[in-house]
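Okay, here's what each chain looks like letter by letter:
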Amino acid sequence: MTGMHHMLVHFPLAFWALALLMMVAGRLGRGSLAKASAGGLLAVLVLSLLGAVAALISGWLVWPVAANLNSPMVRNHLLMSIWATGLWTVITLLVWQAGRQAVQGARGTVLIVLGLVGAALFAISGTLGGYLAGAPTQLSALLAQLGWSVYGTFYVPVWALLVMVVLALGCAVLGRLGSPEHRSS
Ligand code: HEM
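Conventions adopted
Residues numbered from 1 in each chain as written. Predicted model: local features only at pLDDT ≥ 70, side-chain atom pairs only at ≥ 80, totals over all residues. Heavy atoms only, no water. Patch = residues over 30% accessible without salt bridge, like charges linked within 9 Å, V, L, I, M, F, W, Y side chains within 5 Å. Areas by Shrake-Rupley, 256 points an atom, 1.4 Å probe, with all protein chains shown as cover. Salt bridge = Lys/Arg side-chain N within 4 Å of Asp/Glu carboxyl O. Helix = DSSP H or I, 4+ residues; strand = E, 2+ residues; numbered from the N terminus. Buried < 20%, exposed > 50% of the residue type's maximum accessible area, 1.4 Å probe, protein only. Donors = N, O, S within 2.8 Å, 3.2 Å for Na, K, Ca; no water. Tetrahedral: all angles 85-135°; square planar, octahedral: opposite > 155°, others 65-115°. Core = buried A, V, L, I, M, F, W, Y, C linked by side-chain atoms within 4.5 Å. Contact = heavy atoms within 4.5 Å. Near = heavy atom within 4 Å. Polar contact = N/O pair within 3.5 Å; in protein donor to acceptor, adjacent residues only side chain to side chain. Nonpolar A, V, L, I, M, F, W, Y, C, P; charged D, E, K, R; others polar.

Caption draft 1: View of a nonpolar patch on the surface. Nonpolar side chains collect at one region of the surface, where V53, I57, W60, L61, V65 and L69 lie side by side and expose about 540 Å² of accessible area between them. Looking at the nonpolar patch, the elements with two or more residues in it are helix 3 (31-60) and helix 4 (65-70). With three residues, helix 3 is the single largest residue contributor to the nonpolar patch. Among the secondary structure elements, L61 is positioned in the loop between helix 3 and helix 4. Residue L61 is classed as partly exposed on the basis of its relative accessible area of 49%.

Caption draft 2: Fine view of the coordination of the iron atom of the ligand. The iron atom of the ligand binds to the protein through H5 (NE2) and H77 (NE2), with metal-donor distances spanning 2.0 to 2.1 Å. For the iron atom of the ligand, the six donor atoms in the first shell make angles of 86 to 179° at the metal, so the coordination geometry reads as octahedral. Of this pair, H5 sits in helix 1 (residues 2-8) while H77 sits in helix 5 (residues 72-98), placing them 72 residues apart in sequence.

Caption draft 3: Main features of the nonpolar core. Judged by nonpolar contacts, the single largest core of 31 residues is most densely connected at M23, L41, W88, I91 and L111. At the level of elements, helix 2 (10-28), helix 3, helix 5 and helix 6 (105-132) are the ones that each hand at least two residues to this core. The residues touching L41, leaving out its near neighbours within four places in the chain, are A19, M22, M23, V95, V103 and L111.

Caption draft 4: Representation of the site of the ligand in the model. Neighbouring the ligand are 22 residues, the closest being H5, H6, G59, W63 and H77. Side-chain polar atom of H5 to a nitrogen atom of the ligand: 2.9 Å apart, as the coordinates give it. In this structure, an oxygen atom belonging to the ligand sits 3.0 Å away from a side-chain N or O atom of H6. Of all elements in the fold, only helix 1, helix 3, helix 5 and helix 6 reach the threshold of two or more residues within the shell around the ligand. A total of five residues in the shell around the ligand trace back to one element, the largest contributor, which is helix 5. A class-by-class count of the residues in the shell around the ligand yields 11 nonpolar, 11 polar and no charged.

Here it is as structure tokens:
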């Protein structure tokens, strides 16, 4: 299954990278390139999620479960893969809801910011996978400078998790208040 995982991970990584480029082209580009990018974005995002599911399943089958759960680096790789998949799932839902307007104006700018965070997450997941496969990259040196040694289990303090939950609820409330149905009622 090792070779299968190595092959399958290219699908979500490549489609997510392409989706980010399409968001930028859709938001900042002009003419047919912008139009094609906005129109094709949802299809690319859906394909990326199918690829992510295949990568997540095949990843579990590379090493025995006990080895996966005992290795801090696999735990980090697993965590970042799930976070990346979670964020790109939200992006996919947003694009599905908003259609071509997802890449226009302020929405498009927010989408690009989310896409950049998603790109950071999949890049970290990929660099950790590279370590596991014996091919480390310079990205981990940057992470070390930011205070995270990838050899130790990634740890988020409880207060930081609570701040994230409060921020998420705040965003949901703001989104609800700004929705057209709410404003018209
Ligand atoms: C979106 C999901 C995932 C992505 C994008 C991803 C990405 C990667 C990448 C890029 C590599 C390096 C492959 C290479 O250098 O050719 C890798 C290796 C690896 N991944 Fe994942 N991965 C994902 C999910 C998982 C999961 C869920 C697990 C297990 C819990 C896992 C376990 C591993 C292991 C053990 C290796 C090293 C394989 C070896 O021995 O060479 N991955 N992954």
